[in-house]
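# A closer look at the structure
Single-letter residue listing:
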Amino acid sequence: RKRLLTNSTKRTKCVMPVFDFSFEVNAALPVVQAFHHNTSALKQLTPPPTIVQIQSVEPLAEGSVSRFTLWVGPLPLRWTAIHKNVSGNGFTDIQQSGPAAKWEHTHTFTEIDATHTRVNEHIEYEHKSGFWGLVTRLLFSYPNLYFMFCYRRWITRKACHNMAQKSSAKHA
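Parameters and conventions
- Residues numbered from 1 in each chain as written.
- Predicted model: local features only at pLDDT ≥ 70, side-chain atom pairs only at ≥ 80, totals over all residues.
- Heavy atoms only, no water.
- Phe/Tyr/Trp six-rings, centres within 6.5 Å; stacked < 30°, edge-to-face > 60°.
- Helix = DSSP H or I, 4+ residues; strand = E, 2+ residues; numbered from the N terminus.
- Buried < 20%, exposed > 50% of the residue type's maximum accessible area, 1.4 Å probe, protein only.
- Salt bridge = Lys/Arg side-chain N within 4 Å of Asp/Glu carboxyl O.
- Pairing = 2+ DSSP bridges.

What follows is about the packing of aromatic side chains. Think of a pair of aromatic rings as described by two things: how far the centres are apart, and how the planes are tilted against each other in angle. Within the structure shown, the criterion is met by 16 aromatic pairs. With a centroid separation of 5.9 Å and an interplanar angle of 15°, the aromatic rings of F68 and W79 are classed as stacked. Of this pair, F68 sits in strand 4 (residues 65-72) while W79 sits in strand 5 (residues 75-87), placing them 11 residues apart in sequence. The residues F68 and W79 share a single accessibility class, namely buried. Ring geometry for W79 versus W103: centroids 5.6 Å apart, planes at 90°, classification edge-to-face. Here the residue W79 occupies a position in strand 5, and W103 occupies one in strand 7 (residues 102-113), the gap between them amounting to 24 residues.

Structure follows, in structure tokens:
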């Protein structure tokens, strides 16, 4: 999906890519929240063969900052993200610096019932020009994003299932 933008200075229209992905997790909302608040979530959610190297990750809160490098083969994608709109129902990470001209990723968690949660992922992004624009056009193409979020769905479901099992074992 793409959103049409009007550039007022040049009076031209450009298309901003948008990616949406949604899935259900067989876990209560607090479990899904806890998984995403864990500072190790980014490493867990990054699919191979990409390697994530964490420089610093602050606990998820309004204005918290994460600095990391995604290694895609020999290419280092250095990234700084700031978290906004942090609530029990999700958060948005906004690229402050990194490979894209713009990257805003909103994670929304919706309780379906006491044991099921819907996760909605919404990304709005723009490419830079030049070499890094070519890189992000390849890496953030629809098929690559779809693969990445299928992997994230699998990891989220697995991690939340394990967390729910440990929680219920503690209370048994």
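Bringing the pattern of salt bridges into the picture now. Summed over all chains, the structure comprises two salt bridges. Residue E124 is joined to K102 by a salt bridge in which the shortest nitrogen-to-oxygen separation is 3.7 Å. Highlighted residues: E124 in strand 8 (residues 116-126) and K102 in strand 7, separated in sequence by 22 residues. E124 gets classed as buried once you look at its relative accessible area, which sits at 12%.

Here the focus is the pairing of strand 6 (residues 90-97). Pairing analysis gives six bridges linking strand 5 to strand 6, with the strands arranged antiparallel. Bridge pairing links I82 to I94 in strand 6. In this structure, strand 6 lies alongside strand 7, joined through five bridges in antiparallel fashion. Of the residues in strand 7, the one forming a bridge with D93 is H105. Hairpin connection of strand 6 to strand 7: four residues between the antiparallel strands.

Bridge count between strand 7 and strand 8: 11 bridges; the pairing is antiparallel. Opposite H107, over in strand 8, you have E121 as the bridge partner. Taking the residues that link successive antiparallel strands as the turn, the strand 7-strand 8 hairpin has two residues.

It is worth spelling out the environment of E126 at this point. Mapped onto the elements, E126 comes out in strand 8. Sequence separation between E126 and V18 is 108 residues; the distance between their C-alpha atoms is 9.0 Å.

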